[in-house]
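Topology and contacts: notes
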Amino acid sequence: MEQHHISEGLKERKAAEACLKTSFFGNWKPDNDSAAHHHEKAGQHFKLGKSYTEALTSYVEAAKYYNACRVLYSVGKCHEAAAACANELGRFEDAHSHLERAGDFYTQNGTASTAISCYTKGAEMLTGKLPKVAADLYLRAGELERDNDHPREAIKCFSGAKKIFAKDKLYSECINAVKLTRELYVQLENYPQIAKSNLSLVILHLARGDSVAARQAIEGDCSPVADQLIEAANEGDEESLKKLSTHGDIVYLDNEIARIAKFLSQEGANVPASKPLSKPTTTTTPLFKTPNSQNNTTQRSELFARPNKDNRAELFSRSSASSEAKEELFSRPTPNPVQPKLNTQPAASQPSSQPSSHNPVETPLNNSVETPPNNPVETQAANNPFSEESSEKNTVEEANSNPFGDVDSDEDLC
């Protein structure tokens, strides 16, 4: 399948080259629009075929020819796709440059929302590789949101940049990001968040070792913990700094800033590097114990294993019933149901040639269940009151007993 997509991409590239050729009897000018379209399709096919180098070159060529036609939105789209291919190749600097170009062309086209989504996606993509570059993209997106009068969305973008700066110990840049968020909170008149922003600024200035700037950074409402932190930092009282770091106003700040407050001192904050997350070790007792098994963890893992391509057949064979159990289930004899008693005596309406005896019929006491008749259809016909014989007799009796029946014509009616 991948080879098929690569071959299709080569065909599209040849078609793009054919659109750029000029001749006396053919195209007098190169068809840049068609060439850009074919290069874009070639990039899509190469990307599906996982040939990211060829896809990157195709997208760059498509962006060049779209720019010659002044189709700005398509230029930004091709640069964004080229950034994704560069990220797959591990060329993160190239990915950042393509993302910036894509955002600029989207902004020139007048689609600021598309530029914001491009910046935010690029920031999420580059956070683990180039954190400072990712924070810069967040700031670009926040400025666009602020220019479009979307303060809440701008706060989200500035907060993303603030967290990255605080995690990488870039306190000066983090202070600028917090100031931007405080301005927007003042615009929204959100006073609790203004107090949190002021407390964050105090902690960041103290992390730099500048208690004077920490006191000057307070504007508006602020928690009383801020003054206590500044006094403890000036006096060098580390015990009070540790106690204040567990205060509720500091605990409910952003995790990155609350972590900085735990390591404050008179000289600044000595925040250790964060350790990579390790897999938790299980110390629980096994759920199922068997006398012959030495390692119960393997049994538990086999019990709660999820089916995949490798162990699907084995797991379903364990869960399904064995062939011996099926044979035992279907080989059991089924009990004979008790058959109901059927009335074998003839109907009362049928004529009998022999005189009826007044003695009752003696029934044997040994047989608790009577055997069914040989032909049950005959018994049903005998007991059926709607049979042909019974219907004829009923009609005769009704005619004889009818008081309004026809009178003989010989009798005188008078």
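Presented here is a report on the structure given in the accompanying data block. (Residues numbered from 1 in each chain as written. Predicted model: local features only at pLDDT ≥ 70, side-chain atom pairs only at ≥ 80, totals over all residues. Heavy atoms only, no water.)

**A look at the overall build of the protein chain**
In terms of regular secondary structure, the protein chain is built from 20 helices and zero strands. Residues classed as buried in the protein chain amount to 31% of the 414 residues present. Long-range pairs, those at least 24 residues apart, make up 52% of the contacts in the protein chain with a sequence separation of at least 6. Accessible surface, the protein chain as shown: approximately 28800 Å² in total, 50% of it carbon and sulfur. (Helix = DSSP H or I, 4+ residues; strand = E, 2+ residues; numbered from the N terminus. Buried < 20%, exposed > 50% of the residue type's maximum accessible area, 1.4 Å probe, protein only. Contact = heavy atoms within 4.5 Å. Areas by Shrake-Rupley, 256 points an atom, 1.4 Å probe, with all protein chains shown as cover.)

**Some thoughts on the packing of helix H6 (residues 112–126) against helix H7 (residues 131–147)**
For the pair H6 and H7, interaxial distance at closest approach is 8 Å and the crossing angle is 160 degrees. In terms of orientation, H6 lies roughly antiparallel with respect to H7. Crossing of H6 over H7 shows left-handed handedness. Facing Ala-112, Ala-115, Ile-116, Tyr-119, Thr-120, Gly-122, Ala-123, Glu-124 and Leu-126 of H6, the residues of H7 in contact are Pro-131, Val-133, Ala-134, Leu-137, Tyr-138, Arg-140, Ala-141, Leu-144 and Glu-145. For the contact of H6 with H7, the class distribution of residues is 13 nonpolar, two polar and three charged. (Axes fitted to C-alpha atoms, helices over the stretch in contact; angles between N-to-C directions. Parallel < 35°, antiparallel > 145°, perpendicular 65-115°, else oblique. Left-handed = near helix turned anticlockwise from the far one by under 90°. Nonpolar A, V, L, I, M, F, W, Y, C, P; charged D, E, K, R; others polar.)

**What about the pattern of salt bridges?**
A full pass over the atoms with the stated rule returns nine salt bridges. Across the salt bridge formed by Asp-94 and Arg-91, the nearest N and O atoms sit 3.0 Å from each other. Assessed through its relative accessible area of 29%, Asp-94 is described here as partly exposed. Glu-100 is the salt-bridge partner of Arg-140, the closest N and O atoms lying 3.6 Å from each other. Residue Arg-140 is found in helix H7, and its partner Glu-100 is found in helix H5 (residues 92–109); the two are separated by 40 residues along the sequence. (Salt bridge = Lys/Arg side-chain N within 4 Å of Asp/Glu carboxyl O.)

**Quick word on the nonpolar core**
Among the nonpolar cores identified, the biggest contains 54 residues, and Ile-203, Leu-229, Ile-260 and Leu-264 are the most heavily contacted of them. Setting aside residues up to four positions removed in sequence, Ile-260 forms contacts with Ala-166, Tyr-171, Ile-203, Leu-204, Ala-207, Ala-269 and Val-271. In this structure, Ala-36, Ala-63, Tyr-65 and Val-75 belong to the second largest nonpolar core, which totals nine residues. (Core = buried A, V, L, I, M, F, W, Y, C linked by side-chain atoms within 4.5 Å.)

**Notes on the environment of Ala-217**
Tracing the backbone shows Ala-217 in the loop between helix H11 (211–216) and helix H12 (225–235). The exposure class assigned to Ala-217 is buried, which follows from its relative accessible area of 9%. Separated by 17 residues in sequence, Ala-217 and Ser-200 have C-alpha atoms that sit 9.8 Å apart. In contact with Ala-217, other than residues within four places in its own chain, are Arg-182, Asn-198, Leu-201 and His-205.

**Describing unusual backbone geometry**
Phi is positive for Arg-70, close to 60 degrees, though the residue is something other than glycine. Inspection of the secondary structure assignment puts Arg-70 in the loop between helix H3 (52–68) and helix H4 (72–88). Non-glycine residue Lys-169 carries a positive phi angle of around 65 degrees. Secondary-structure assignment places Lys-169 in the loop between helix H8 (151–167) and helix H9 (171–188).

**Things to note about H5**
Between the first and last C-alpha of H5 there are 26 Å, a value that for 18 residues agrees with the 26 Å anticipated at 1.5 Å per step. Those residues of H5 that fall on the buried side of the exposure criterion are Ala-95, His-96, His-98, Leu-99, Glu-100, Ala-102, Gly-103, Phe-105 and Tyr-106. Buried-residue contacts for H5 involve H3, H4, H6 and H7. Phi turns positive one or two residues past the end of H5, at Gly-110, with a value near 95 degrees. (Expected span 1.5 Å × (residues − 1).)

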